[in-house]
Amino acid sequence: MSTPRKRTTSRTRTATRILTALSATACLAAGLAVAPATAGPRPAPLGDLAKKHHRYFGSAVDGPGFADPAYLKLLGSEFGQLTPANAMKWYATEPERGVFDFTAADQVVSFARAHHQKVRGHTLLWHNQLPAWLTEGTWTAGELRAVLKNHIQTVVRHHKGRIMHWDVVNEAFEEDGTYRESLFYKTLGPGYIADALRWAHEADPHAKLYLNDYNVDGIGPKSDAYHRLIKQLKADGVPVDGFGIQGHLALQYGFPADVRQNMQRFADLGVEVAVTELDIRMRLPATPEKLATQATWYADYVEACLAVEKCVGVTVWDYTDKYSWIPGVFPDEGAALPYDEHLRPKPAYHAAKAVLGG
Ligand code: 9MR
């Protein structure tokens, strides 16, 4: 009679993989060699591992990174997808009315093409980082519609054929699920979202069009609002293809245990899902315990994406603590990314990699 096998759940598998990854990290920290004496094959990058699961693993990138050769080397070799952190935002692309500047955006797209990386376009409409001529102007609905249409179509056309996803509208809802009172909403009403999607689709019919937000990892009033909106947009025949879950987490607020279920309910509406801006911050200083918890969260988030067929990939909001937005906004927090500020992989890197089978 054979011995009954212990049931291996996906959670125990993750835990085992992470323990293995973490013990390798501990060896590294202690200065012990973990690599074989003879040169083996180069370890597979995150991007390549994700590809085996028909997913991408990407990173955001911003201006300062382009002046940092060590940073660029990893950016080009480890990741299969890039998102410009700022270069495609309105203030950068149309700094004066009708005057477009694609210098920074083209730098990201050219780098990505040279390294065979996909690009997520971020973002066409957002209440933040708008040029002064737009926020300080007074607009009739008709004028603003014309300005929006021209902006969206000029930017999308410029990059036509080179952008996999567009975050067409970013952060349209408040925490309670009501519409954010942005300039667009106040002047045009909620219909601006459908219009923006239609205009973007006209300009590049092959790009997948996303709505994107933070604090929508789990099921709650804000993600419910997106669920209702996307259902309605689909019913109305509006071109919406994806829901972007930014994934800005903080250890002190807990892991969104229902992230997988939440992704699945969007997938069930017929749209894809992407984890678009993942980072997991902590109160500083970082300790080995906090870094270990962070590692399990990265692993659990990546695992959730792998478990949902229509979850197409994960992007970290830059890959190194050196260029994270967090310390500038939350002064006592940080250490949120899979590489530290010296570009050394952290436990989170090894844990994410382990889930991908590396
Ligand atoms: O990473 C971006 C940072 O450099 C900017 O200063 C900041 C301005 O608000 O925007 C950051 O990126 C945001 C992204 O565009 C949308 N989701 C939240 C991100 C972090 O604030």
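Residues numbered from 1 in each chain as written. Predicted model: local features only at pLDDT ≥ 70, side-chain atom pairs only at ≥ 80, totals over all residues. Heavy atoms only, no water.

Going by the annotation in an unreviewed UniProt entry, the name recorded for the protein is Beta-xylanase, with Streptomyces filamentosus given as the source organism. Quoted verbatim from the Catalytic activity (unreviewed entry) field of UniProt, the annotation for the protein is "Endohydrolysis of (1->4)-beta-D-xylosidic linkages in xylans." Annotation of the protein in UniProt includes, under Sequence similarities (unreviewed entry), the sentence "Belongs to the glycosyl hydrolase 10 (cellulase F) family." (UniProt positions renumbered as here; feature names shortened; annotations may be inferred.)

Colleague: Can you help me understand helix α9 (residues 192-203) in this one?
Modeller: Over its twelve residues, α9 runs 17 Å from end to end, which matches the ideal 16 Å to within 8%, given 1.5 Å per residue. For α9, the buried fraction is high: nine of the twelve residues fall into the buried class. The set of residues buried in α9 consists of Y192, I193, A194, D195, A196, L197, W199, A200 and A203. On the buried face of α9, the contacting elements are β3 (118-125), α7 (141-158), β4 (165-170), α8 (183-188), β5 (208-213) and α10 (221-235). (Helix = DSSP H or I, 4+ residues; strand = E, 2+ residues; numbered from the N terminus. Expected span 1.5 Å × (residues − 1). Buried < 20%, exposed > 50% of the residue type's maximum accessible area, 1.4 Å probe, protein only. Contact = heavy atoms within 4.5 Å.)

Colleague: Before we go on, may I ask you to explain the state of the cysteines in this structure?
Modeller: Cysteine pairs can be linked by a disulfide, which is a covalent bond between their two sulfur atoms. Tallying each qualifying case throughout the model produces one disulfide. Disulfide partner of C305: C311, at an S-S distance of 2.1 Å. Since a negative S-S torsion denotes a left-handed disulfide, the C305-C311 link at about -100° is left-handed. (Disulfide = S-S within 2.5 Å.)

Colleague: How should I be thinking about the UniProt feature "active site" (unreviewed entry) in the protein in this particular structure?
Modeller: The UniProt feature table records "active site" (unreviewed entry) at E277. Along the chain, the position of E277 falls in strand β8 (residues 272-283). Apart from residues lying up to four places away in sequence, E277 is in contact with H122, N212, I245, Q246, G247, H248, T315 and W317. Side chain to side chain, E277 and H248 meet in a polar contact 2.7 Å long. (Polar contact = N/O pair within 3.5 Å; in protein donor to acceptor, adjacent residues only side chain to side chain.)

Colleague: Is there a simple way to think about the environment of T135 in this case?
Modeller: Mapped onto the elements of the fold, T135 is located in helix α6 (residues 132-135). Relative accessible area serves as the criterion here: at 43%, T135 is assigned to the partly exposed category. Each C-alpha atom, one on T135 and one on L183, is 7.5 Å from the other, the two residues being 48 residues apart in sequence.

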